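Residues per chain, in single letters:
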Amino acid sequence: MSRRSTRVTASLLVAGVAATLALPTPAQAANGTIGERETVCASDLFVCTQPVGAWMGTLYQGQTFLVEGPRSGGYVYGFAYGHINRRGWVQNGWFC
């Protein structure tokens, strides 16, 4: 292999690795951990008065929710920060 083809191969390899690292990775949503202030990963997350209860506000991606517990039927209780600033229930599994 010539010196030029070795350089071209190395350049292509570096470019391929750089392109792979630059690709956006999909957000990985997870369940909330009791006692942790979690970041909302979903585009929006309804805050309710009880599990599957009345809507009282919406948290948006990047906003935070302090998971206080308990958990009930796929929902978790806690404090919604931001413009809501109230305790309520959100569907679990939408935190980053």
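Our structure is the block above this text.
Because the structure is predicted, anything quoted here is derived from the model rather than measured.

**A look at the overall build of the protein**
Right, so step 1: Counting its secondary structure elements, the protein contains one helix and six strands.
Right, so step 2: Helices and strands appear in the protein in the N-to-C order α-β-β-β-β-β-β.
Right, so step 3: Looking at the 96 residues of the protein, the share that counts as buried comes to 29%.
Right, so step 4: In the protein, the share of contacts with a sequence separation of at least 24, taken over all contacts with a separation of at least 6, comes to 45%.
Right, so step 5: Carbon and sulfur atoms make up 58% of the accessible area of the protein, which totals about 6,300 Å².

**Structural notes on the state of the cysteines**
Right, so step 1: Considering all chains together, one arrives at one disulfide under this definition.
Right, so step 2: The disulfide bridge from C41 ends at C96, spanning 2.4 Å between sulfur atoms. Because the torsion about its S-S bond is 100°, the bridge between C41 and C96 counts as right-handed. Note that C41 is positioned in the loop between β1 (37-39) and β2 (44-48) and C96 in the segment after β6 (86-91), a separation of 55 residues in sequence.

**As for the pattern of salt bridges**
Right, so step 1: In total, this model carries one salt bridge according to the counting rule given.
Right, so step 2: Salt-bridge contacts for E68 lead to R87; the nearest nitrogen and oxygen are separated by 2.9 Å. Within this pair, whereas E68 is found in strand β4 (residues 64-72), its partner R87 is found in strand β6, the two being separated by 19 residues in sequence.
Right, so step 3: The partly exposed category is assigned to E68, whose relative accessible area is 27%.

**Describing the environment of A54**
Right, so step 1: Secondary-structure assignment places A54 in the loop between β2 and β3 (55-60).
Right, so step 2: With a relative accessible area of 45%, A54 lands in the partly exposed category.
Right, so step 3: For A54 and W89, which are 35 residues apart along the polypeptide, the C-alpha to C-alpha distance reads 9.8 Å.
Right, so step 4: Apart from residues no more than four positions distant in its own chain, A54 is found in contact with V47, C48 and T49.

**Quick look at the pairing of β4**
If a strand is regular, its side chains alternate between the two faces of the sheet.
Right, so step 1: With three bridges joining them, β1 and β4 adopt antiparallel strand pairing. Residue pairing in the sheet places R37 in a bridge with L66 of β4.
Right, so step 2: Relative to strand β5 (residues 75-80), β4 is paired through five bridges, and the arrangement is antiparallel. Considered in β5, the bridge of F65 is made with A80.

Rules and cut-offs
Residues numbered from 1 in each chain as written. Predicted model: local features only at pLDDT ≥ 70, side-chain atom pairs only at ≥ 80, totals over all residues. Heavy atoms only, no water. Helix = DSSP H or I, 4+ residues; strand = E, 2+ residues; numbered from the N terminus. Buried < 20%, exposed > 50% of the residue type's maximum accessible area, 1.4 Å probe, protein only. Contact = heavy atoms within 4.5 Å. Areas by Shrake-Rupley, 256 points an atom, 1.4 Å probe, with all protein chains shown as cover. Disulfide = S-S within 2.5 Å. Salt bridge = Lys/Arg side-chain N within 4 Å of Asp/Glu carboxyl O. Pairing = 2+ DSSP bridges.

Distances and angles like these do not, on their own, reveal function.
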